[in-house]
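Take a look at the letters that make up each chain.
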Amino acid sequence: MEKTIDESKQGQSLVLKQNQKNTKKLFIESYGCAMNFSDSEIVASILNDQGYNTTDKLEDADLVLVNTCSIRDKAEQTVRKRLEKYNAVKRKNSKMKVGVLGCMAERLKSKFLEEEKIVDLVVGPDAYKDLPNLLAEVEDGHDAINVVLSKDETYGDISPVRLNSNGVTAFVSITRGCDNMCTFCVVPFTRGRERSRDPQSIIEEVNDLWQKGYKEITLLGQNVDSYLWYGGGLKKDFVKATDIQKATAIDFSKLLQLCAEAQPKMRIRFSTSNPQDMSLDVIRTMAKYNNICNHIHLPVQSGSNRILKAMNRLHTREEYFTLIDNIKSIIPDCAISQDMISGFPTETEEDHKDTLSLMEYVKYNFGYMFTYSERPGTLAERKLEDDVPEATKSKRLSEIIELQLKHSELRTREHLGRTVEVLVERESKKSKDQWSGRTEKNLVAVFPKEHYNVGDFVNVKVTNCTKATLIGEAVGIAK
């Protein structure tokens, strides 16, 4: 439960179907949020057109790229260790080129290229289309860099290559950047201002995925609830839009509706939401369409009003409770998950108790929990002293995790005796005789394979469970 996304998926190298005409090999690894994994699919697509097939063997690569995360110091240290490994291999293969993509690229551009000289190219999240030009610079013996943040780049015209895919689930990116200046977060500085992707290109991608056999998509954004299409441009400039643009604008609830209606048999998820931006319209749209999964990832970060204000979260504890109450009222069986930070600057024991009491009120299905990690360039780093001792942070985190595990078990056990719909994704890690898949609430479920296949929606009678996994028996294909 305490694992962050970068820890649970770290070092995932990605391999796509090979183009027989391509002669060069690309090794690409992704760290961090789901958006980084989605971006790697865009990068692989761009480079596929430049003659690169992907490989899962580092030693065979002509080009090695790491898509990086700056959300916590631990993620950055992991990437640095990988760069050491890449360069050790590079010393034996002088033709190999090494590059850094993503959030660390933007933040540490000068260090990587000029001071430490450990990479050949540095490419920010909005500059992936410039990769062919940058690679040409590298081939000419020059270091190459582009970390310019864009006001309009959404990669909506790039058809992502689905990498290391199970052929069942896929990410669909709908926004880029973030305007919510949370004081602990580096994303607005590494990914830029918020802009949304043309809804037509989103629907086309969803339809294409269905035609290729995919059964579930996750709409992705740093803050999906802020999705707003009015013909292009930054969200902050919507106030300057014409009356016609405002009248015909598409917000997130409308986009959800369009996706649900475009492919009524496809499961739809979304992540990540922000409490201050989630509207009742979104919740009502979820309730209206059966193929929109009843699960909301709703990061709160702290249960203390004082800490929430210091974080610039722009909502109070009480407003968060009201949102939770509205969700439960409109979608009584909705699963809710969280992100929580322990030991934010100035956090007292009383603030920590407020977090625990908030968790008791909501009783989340699961969560991602971590100690505060000061990130260079953020407002918290500039204005607040990281004054909570590491031992105190760890102690409080342990209490948060312990309570979450208790609630996770409670929520999981609620399914005993029920029949749930499971989308089969892969073979169980623990038994080759069982399938593993997820319910609409994002709970993992395992059951005997019998005659079912990957990609099937199967009704499963839950007979047992662990704290995080349902165990059951198939009772037939879901309608």
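Right above here is the structure, for reference.
Okay, so let's go over this structure. Computed from a prediction, not measured in an experiment: that's the story for all the values here.

Let's talk about the overall build of the protein
- Within the protein one finds 16 helices and 22 strands.
- The C-alpha radius of gyration computed for the protein amounts to 22 Å, which stays within 12% of the reference 23 Å derived for 479 residues, consistent with globular compactness.
- By its C-alpha atoms, the protein is 65 × 55 × 55 Å across when sized along the principal axes.
- The buried share of the protein, taken over its 479 residues, is 55%.
- Once local pairs closer than 6 in sequence are excluded, the contacts in the protein between residues at least 24 apart make up 72%.
- Total accessible area on the protein stands at roughly 20700 Å², and carbon and sulfur atoms take up 48% of it.
- Here the protein contributes 69 positively and 71 negatively charged side chains, and the mean placements of these two sets differ by 3 Å.

A word on the sheet that holds strand β14 (residues 267–271)
- If you trace the three strands from one edge of the open sheet to the other, you get β8-β11-β14, paired in parallel fashion. Edge positions in the sheet fall to β8 (169–173) and β14, since each has one partner strand and no second. Across this sheet, the average inter-strand angle for adjacent strands is 25°, counted without regard to direction.
- The pairing of β8 with strand β11 (residues 216–220) spans five bridges and is classified as parallel. Bridging across to β11, Thr 169 finds its partner in Glu 216.
- Contacting β8 and β11, helix α8 (residues 199–211) crosses the sheet at an angle of about 170° to β8.

Looking at the nonpolar core
- If you look at the biggest cluster of nonpolar residues, it comprises 50 residues, and the most contacted ones within it are Leu 219, Phe 252 and Phe 270.
- Those residues within four positions of Phe 252 in sequence are excluded, and the remaining contacts are Ile 174, Leu 219, Val 224, Asp 225, Tyr 227, Phe 270 and Val 282.

Things to note about the packing of aromatic side chains
- Scanning all chains against the criterion turns up eight aromatic pairs.
- Ring plane angle 35° and centroid distance 4.2 Å describe the contact between Phe 321 and Tyr 361, whose orientation is recorded as tilted. A residue pair is termed long-range when its members are at least 10 positions apart, and Phe 321 in helix α13 (residues 317–330) and Tyr 361 in helix α14 (residues 349–362) qualify at 40 residues.
- Look at Phe 321 and you get buried, because its relative accessible area is 15%.
- Judged by its relative accessible area of 42%, Tyr 361 is partly exposed.
- Look at Phe 344 and Tyr 372: their rings are 5.2 Å apart centre to centre, the planes differ by 75°, and that puts the pair in the edge-to-face class. Of this pair, Phe 344 sits in the loop between β16 (335–342) and α14 while Tyr 372 sits in the loop between β17 (366–371) and α15 (379–383), and the two are 28 residues apart along the sequence.
- Judged by its relative accessible area of 0%, Phe 344 falls in the buried class.

A look at helix α3 (residues 73–90)
- Between its first and last C-alpha atoms α3 spans 26 Å; for 18 residues at 1.5 Å apiece the expected length is 26 Å, and the two agree.
- Every buried residue belonging to α3 is among Ala 75, Glu 76, Thr 78, Val 79, Leu 83, Tyr 86, Asn 87, Val 89 and Lys 90, and all of these are buried.

Focus: α13
- For α13, with 14 residues, the first-to-last C-alpha span of 20 Å sits near the 20 Å given by 1.5 Å per residue.
- Among all positions in α13, only Arg 317, Tyr 320, Phe 321, Leu 323, Ile 324 and Ile 327 are buried. For α13, the arc enclosing every buried residue in end-on projection is 160°, short of the 170-degree limit, so these residues lie on one face.
- Buried residues along α13 sit in contact with α11 (280–288), β15 (295–297), α12 (305–310), β16 and α14.

Digging into the pairing of strand β20 (residues 444–448)
- Bridging between strand β19 (residues 434–438) and β20 involves five bridges; their strand directions are antiparallel. In the strand pairing of β20, Gln 434 is matched with Pro 448.

Brief notes about the sheet that holds β15
- One open sheet accounts for three strands, arranged β15-β16-β17; its pairing is parallel. One side of each edge strand has no neighbouring strand; the edge strands of this open sheet are β15 and β17. Neighbour-to-neighbour, the strand axes of the sheet open up by a mean angle of 10°, direction not taken into account.
- Sheet topology note: the β16/β17 ladder contains six bridges and is parallel. Paired with Ser 342 across the bridge in β17 is Thr 371.

Description of the pattern of salt bridges
- In the structure shown here, the tally under the stated rule is 34 salt bridges.
- Between Glu 216 and Arg 267 there is a salt bridge, and its shortest N-O distance comes to 3.4 Å. With Glu 216 in strand β11 and Arg 267 in strand β14, the pair connects residues that are 51 residues apart, well separated along the chain.
- Residue class for Glu 216 comes out buried when judged on its relative accessible area of 1%.
- Exposure remark for Arg 267: the relative accessible area of 4% places this residue in the buried category.
- One salt bridge connects Asp 237 with Lys 236, and the closest N-O pair in it is separated by 3.3 Å.

About the cut-offs
- Residues numbered from 1 in each chain as written.
- Predicted model: local features only at pLDDT ≥ 70, side-chain atom pairs only at ≥ 80, totals over all residues.
- Heavy atoms only, no water.
- Helix = DSSP H or I, 4+ residues; strand = E, 2+ residues; numbered from the N terminus.
- Rg over C-alpha atoms; globule rule 2.2 N^0.38 Å.
- Buried < 20%, exposed > 50% of the residue type's maximum accessible area, 1.4 Å probe, protein only.
- Contact = heavy atoms within 4.5 Å.
- Areas by Shrake-Rupley, 256 points an atom, 1.4 Å probe, with all protein chains shown as cover.
- Lys, Arg positive; Asp, Glu negative; His and termini not counted.
- Charge placed at Lys NZ, Arg CZ, Asp CG, Glu CD.
- Pairing = 2+ DSSP bridges.
- Axes fitted to C-alpha atoms, helices over the stretch in contact; angles between N-to-C directions.
- Core = buried A, V, L, I, M, F, W, Y, C linked by side-chain atoms within 4.5 Å.
- Phe/Tyr/Trp six-rings, centres within 6.5 Å; stacked < 30°, edge-to-face > 60°.
- Expected span 1.5 Å × (residues − 1).
- Arc of directions from axis to C-beta.
- Salt bridge = Lys/Arg side-chain N within 4 Å of Asp/Glu carboxyl O.

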